[in-house]
Number of protein chains: 2
Amino acid sequence: MPVRGRPRGFDVDEALERALEVFWRQGYEGASMTDLTAAMGINKPSLYAAFGSKEELFRKAVARYAEQDMGYARHAIAQTTTYEVVATLLRENVLAVTRPDRPAGCLSIQGGTACSSENGGVAEFLAASRLAGERALADRFARAVSESDLPADANPAALARFVMSVTEGQAIHAAAGVSREELRQTAEIALAGFAAVSGARRPATADNAA
Amino acid sequence: MPVRGRPRGFDVDEALERALEVFWRQGYEGASMTDLTAAMGINKPSLYAAFGSKEELFRKAVARYAEQDMGYARHAIAQTTTYEVVATLLRENVLAVTRPDRPAGCLSIQGGTACSSENGGVAEFLAASRLAGERALADRFARAVSESDLPADANPAALARFVMSVTEGQAIHAAAGVSREELRQTAEIALAGFAAVSGARRPATADNAA
DNA sequence: GAAGTTGTGTACCGAGCGGTACTGATCCGA
DNA sequence: TCGGATCAGTACCGCTCGGTACACAACTTC
């Protein structure tokens, strides 16, 4: 059964994409409906009909972001060794937060770490989604312990927290204008430090370039 | 020569302190004049007479924050060895971002990493002040190289960027509700990693507790 | 006490906020 | 060709935003 009534005059995915970038650059509260509709090329009633409200639009933007901009994290976790997991995560993160065709930094931080009391839910939502990613990494490290890829006395949660802290700091640096090459150096330091501290075996093939 | 005219009915420092906490919790754009004046216990005209504008108030709050909440950073840089500098910085940072009598996290991040276009200067101002701190740390590391406390081939700027990235990530974690003890574990991992990678000598007295 | 100076409180400004009612326009199936 | 359904666009809602005019209160100096 095809659509009934007048068809939409714009592409919902494309409009969401534009909104995503506005939220990314200006944060949730810093992005006004006027900014959003201007970037999306539609009028307010169309936005509300298609997305419900500003907050729903934001959550859909974050979901889209997680799917297409955070794919590297799932790819990283799927690596076969702990070292490769972390190496992939840190290096891909550098690329992700400095993509020339995207705003600098990371939406889940730029979106808003602090909000007015009425929008407090937005900051909490972003924090929860970041911590969910961290938990996935901690689970991956726990598996590595059970596979003897990490020592039995390793602390998976703390190691994951360390790696995520670095990526978040890198995202903030990127948003401040720090270059990809500079962040790459930092990522290699973090990776080498992780390898030295975690007890994860570093592969014989030296693929790093600090 | 004493004051002329009616004396002020409130303490400017105390009012600035209250404003500081509101900005810290809600960010620059998330803190409305109503929120601020309510917390400061004064009316808007008094605020404008004493502080000029919302943005000036914010900058004064950040200056106050740098002076009294970031003092640990100056203390850290003044340590005699690179290891002690980094150990102090990372450990004191954990305490600073989880002080029970303060909002969680760090004002220079919570204040706003992304803003609307008209308030873009606020985010830039915060980014610049963070990078200034990083440069001071890089200078300290450069001195350590010249003192042979770090290897001649060490990259002071990259090492400083790594340490600051960790502290920023820790601040974001704290704002998300992560506990002091959890952050302490992460700080020890970062410290041990830094020691292993930088070539900084670790003191014989083992004062760490990962 | 009067004059001059400065802070306080109320009441208000224009502008922009997020969100919506309503009129037409545009499609479908019959 | 007409009725039903859906979307687009204008024009507007109440509200809050940051910021201020103005009358009054409180203080010092003469």
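Quick caveat, the model's predicted, so the values are computed rather than measured.

Rules used throughout
Residues numbered from 1 in each chain as written. Chains lettered and ligands numbered in written order. Predicted model: local features only at pLDDT ≥ 70, side-chain atom pairs only at ≥ 80, totals over all residues. Heavy atoms only, no water. Helix = DSSP H or I, 4+ residues; strand = E, 2+ residues; numbered from the N terminus. Expected span 1.5 Å × (residues − 1). Buried < 20%, exposed > 50% of the residue type's maximum accessible area, 1.4 Å probe, protein only. Contact = heavy atoms within 4.5 Å. Buried area = accessible area lost by both parts, 1.4 Å probe. Salt bridge = Lys/Arg side-chain N within 4 Å of Asp/Glu carboxyl O. Disulfide = S-S within 2.5 Å. Domains from an automatic or database assignment. Near = heavy atom within 4 Å. Polar contact = N/O pair within 3.5 Å; in protein donor to acceptor, adjacent residues only side chain to side chain. Nonpolar A, V, L, I, M, F, W, Y, C, P; charged D, E, K, R; others polar.

> Break down helix α8 (residues 120-146) of chain A for me, with residues and values.
All names here are of chain A. If you check α8, its first and last C-alpha atoms are 39 Å apart, about what 27 residues at 1.5 Å a residue would give, namely 39 Å. The complete set of buried residues in α8 reads V122, A123, L126, A127, R130, E134, L137, A138, R140, F141 and A144. After α8 finishes, the residue S148 shows a positive phi value of roughly 60°.

> Now, about the interface of chain B and chain A: what can you tell me, with residues and values included?
Contact with chain B, which involves 42 residues of that partner, is made by 42 residues of chain A. Buried surface at the junction of chain B and chain A, summed over both partners, amounts to about 3300 Å²; 64% is from carbon and sulfur atoms. The interface formed by chain B and chain A holds two salt bridges in total. One salt bridge connects R161 of chain A with E182 of chain B, and the closest N-O pair in it is separated by 3.7 Å. Among the secondary structure elements, those contributing two or more residues to the side of chain B that touches chain A are α1 (12-26), α7 (107-110), α8 (120-146), α9 (156-175) and α10 (180-198) of chain B. Per element, the largest residue contribution to the side of chain B that touches chain A is 12 residues, and it comes from α9 of chain B.

> Please set out the state of the cysteines residue by residue, giving values where relevant.
Applying the stated criterion across every chain, the model contains zero disulfides over all chains. C106 of chain A forms no disulfide, and the closest cysteine sulfur to it belongs to C115 of chain A, at a distance of 15 Å.

> I'd like a description of the domain arrangement of chain A, backed by residues and values.
Residue and element names in this part refer to chain A. Parsing chain A into structural domains produces domain 1 (12-65) and domain 2 (70-198). The C-alpha centroid of domain 2 is placed 26 Å from the C-alpha centroid of domain 1. With 15 residues of domain 1 at the contact, the number on the domain 2 side is 19 residues. For the pairing of domain 1 and domain 2, the buried interface totals around 1600 Å² over both sides, and the portion due to carbon and sulfur atoms is 62%. Taken as a group, W24, E29 and Y65 account for 46% of the area that domain 1 buries against domain 2, more than any other trio of residues on that side. Along the contact surface separating domain 1 from domain 2 lie two salt bridges. The salt bridge involving E21 is made with R102; its shortest N-O contact spans 3.2 Å.

> Give me the protein's contact with DNA strand C: which residues, what numbers.
Surrounding DNA strand C, one finds 23 residues, the nearest of these being M33, K44 and Y48 of chain A together with G9 and N43 of chain B. Considering DNA strand C, the proportion of its atoms within 4 Å of the protein that are sugar or phosphate atoms stands at 66%. The backbone of G9 of chain B places a nitrogen or oxygen atom 2.7 Å from a phosphate oxygen of DNA strand C. Side-chain polar atom of S46 of chain B to a phosphate oxygen of DNA strand C: 2.9 Å apart, as the coordinates give it. Looking at the surface near DNA strand C, the elements that each hand over two or more residues are α2 (33-40) and α3 (44-51) of chain A together with α3 (44-51) of chain B. For the surface near DNA strand C, the leading source of residues is α3 of chain A, giving three residues. Of the residues in the surface near DNA strand C, the class split is 10 nonpolar, seven polar and six charged.

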